[in-house]
Protein chains: 2
Amino acid sequence: MRGLILFAHGARAPGWAGPLHETVERVRAAQPGLPVRLAFLEFLTPTLEEAGDALVSQGCTLVEIVPLFLGAGGHVRKDLPARTAALQQRHPGVTWQLRPAVGESPRVIEAMALAALDPPPLLP
Amino acid sequence: MRGLILFAHGARAPGWAGPLHETVERVRAAQPGLPVRLAFLEFLTPTLEEAGDALVSQGCTLVEIVPLFLGAGGHVRKDLPARTAALQQRHPGVTWQLRPAVGESPRVIEAMALAALDPPPLLP
C-alpha cells in the first residue's frame, strides 16, 4: 500500500501550517483510501520519522516523501535524502521515495503566478 | 501604474530560486505591461527595498508586495508589515500594499495537493 508524507519546514507562528493542513485535506478528499501524513522539520510535530513509523504501522509498503518547500534548498537536497536513507535502513521492507519539492511543479508555479496576479485583498 | 514585488525567503543552494524566477516569468507572460520584480529576504538579491526603489523609478504609483511563502510566519506577519510601512514613509507618493502569502491561496493549496498526488518522479 502506498502512503504519502507531506514534509514541511514548520514555524513558530500560530496558523502558519494552516495551508499545509488544508493541502493534506485536499489530498485525502481526492484519494480517501490513501494514507497521508503531514510532518515537519522543526517547531511542529510529528517529525518525518514519526510520520514514517505511523505509515508503516498502517501497512504502507511504499512511502513517498513530498517536500512542501518552494525550492530545493539544503533541507531538500541534503537533510531529506539522508533522513530518507535512514528510514529505508530502519524499515528495509518498505520502499521510501523522496519526491521533488512541490514548488518545482509547473502546477504550483502557475498557481503562484495566478495568485500574484489576483486583485489585491488586504491582509486581515 | 501598478507594480508587483514577489518577495521570497532566499537560500544558499544554487537553483533554489529557479521556480520563483519561473513564477515571475509566468506573471510577465500573463501581463506583459506589468512591472514585476523578484526580491529576497536573505542570501539572494535584490532586497525588498532595492526592488521597491526600482519600481518607483519605473513610475509605479501602486506597488503590491506578494510574499512567496507557504504560510504566514514571522517574516510575513512581522518583518514584511514593518518593511512595507518603511517603504511607504520613504516613498509617500506611492501606495504600498502587502498581500497575503501565496501559500494561503486556494489555487496554490489545490496545486500542491495535485503535485503531491502525481505519479512519483525520481529526483535527478
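Bear in mind the structure is a predicted one, so any value in this text is a computation, not a measurement. (Residues numbered from 1 in each chain as written. Chains lettered and ligands numbered in written order. Predicted model: local features only at pLDDT ≥ 70, side-chain atom pairs only at ≥ 80, totals over all residues. Heavy atoms only, no water.)

**Here we look at the sheet that holds strand 2 (residues 36-40) of chain A**
Condition: For two strands to be treated as a pair, DSSP must find no fewer than two bridges joining them. Elements are defined by DSSP. Helices are runs of H or I of four residues or more, strands are runs of E of two residues or more, and each kind is numbered from the N terminus. For helices, the fitted axis covers only the stretch in contact; all axes are lines through C-alpha atoms, and the angles between them, taken along N-to-C directions, range from 0 to 180 degrees. Contact criterion: two residues are considered in contact whenever any of their non-hydrogen atoms come within 4.5 Å of each other.
Pairing within the open sheet is parallel, and its four strands lie in the order 2-1-3-4 (chain A). Looking at the sheet topology across the chains shown, the edges are occupied by strand 2 and strand 4 (95-98) of chain A. When strand polarity is set aside, the average angle formed by the axes of neighbouring strands in this sheet is 25 degrees. Note: strand 3 (residues 62-68) of chain A against strand 4 of chain A, four bridges, orientation parallel. Among the inter-strand pairings, A:I65 is bridged to a residue of strand 4 of chain A, identified as A:L98. Contacts between helix 4 (residues 106-117) of chain B and the sheet are confined to strand 1 (2-8) and strand 3 of chain A, with strand 1 of chain A contributing the most and set at about 135 degrees to the helix.

**Details of the packing of aromatic side chains**
Residues and elements named next belong to chain A. Basically, it comes down to this: The criterion for an aromatic pair is that two Phe, Tyr or Trp rings (for Trp, the six-membered ring) have centres within 6.5 Å, with stacked assigned to planes under 30 degrees apart, edge-to-face to planes over 60 apart and tilted to the rest. Whether a residue is buried, partly exposed or exposed follows from its accessible area with a 1.4 Å probe, protein chains only, as a fraction of its type maximum: under 20%, in between, or over 50%, in that order.
A full pass over the atoms with the stated rule returns two aromatic pairs over all chains. Here F7 and F69 contribute two aromatic rings whose centre-to-centre distance is 6.2 Å and whose plane-to-plane angle is 25 degrees, an arrangement assigned as stacked. Separated by 62 residues along the polypeptide, F7 in strand 1 and F69 in the loop between strand 3 and helix 3 (74-90) bring together distant segments of the chain. Each member of the pair, F7 as well as F69, is classed as buried.

**Points about the sheet that holds strand 1 (residues 2-8) of chain B**
Residue and element names in this part refer to chain B. In spatial order, the strands read 2-1-3-4; together these four strands make up an open sheet with parallel pairing. With partners counted over all chains shown, the strands left at the sheet margins are strand 2 (36-40) and strand 4 (95-98), one partner each. The sheet shows a mean angle of 25 degrees between the axes of neighbouring strands, direction not considered. Together, strand 1, strand 2 and strand 3 (62-68) form the strand contacts of helix 1 (residues 18-30), whose direction differs from that of strand 2 by roughly 165 degrees. Contacting strand 1, strand 3 and strand 4, helix 3 (residues 74-90) crosses the sheet at an angle of about 175 degrees to strand 4.

**Some remarks on the relation of the copies chain A and chain B**
We apply this condition: Our superposition of the copies is a least-squares fit, built on the C-alpha atoms of residues whose pLDDT is at least 70 in both.
Rotating chain A by 180 degrees and translating it 0.0 Å along the rotation axis places it on chain B, where the RMSD comes to 0.0 Å. The superposition operator between the copies reduces to a two-fold rotation axis. Residue A:V108, judged by its C-alpha, is the member of chain A lying nearest the rotation axis, at 3.0 Å. Mapped onto chain B, 100% of the interface residues of chain A again fall at the interface, so both copies present the same surface.

**Topic: the pattern of salt bridges**
Oppositely charged side chains are able to pair whenever their charged atoms sit close together. Residues and elements named next belong to chain A. Put simply, the rule is: For this analysis, a salt bridge means a side-chain nitrogen from Lys or Arg found within 4 Å of a carboxyl oxygen belonging to Asp or Glu.
Going through the model one piece at a time under the given rule, you end up with 14 salt bridges over all chains. Here R83 and E49 are joined by a salt bridge, their closest N and O atoms 2.8 Å apart. In this pair, R83 is assigned in helix 3 and E49 in helix 2 (residues 48-57), connecting sequence segments 34 residues apart. R83 sits in the partly exposed class, given a relative accessible area of 21%. Linked through salt bridges whose partners overlap, the residues forming this network are R2, E64 and R99.

**Regarding the interface of chain A and chain B**
Note the cut-off: A quick way to say it: buried area is the sum, across both parts, of accessible area lost when two parts are put together, with a 1.4 Å probe.
Facing the 51 residues of chain A at the interface are 52 residues of chain B. Both faces considered, chain A and chain B share a buried interface measuring about 4400 Å² in area, 68% of it formed by carbon and sulfur atoms. At the junction of chain A with chain B, the criterion picks out four salt bridges. Note that B:R26 is salt-bridged to A:E110, the shortest N-O span being 2.0 Å.

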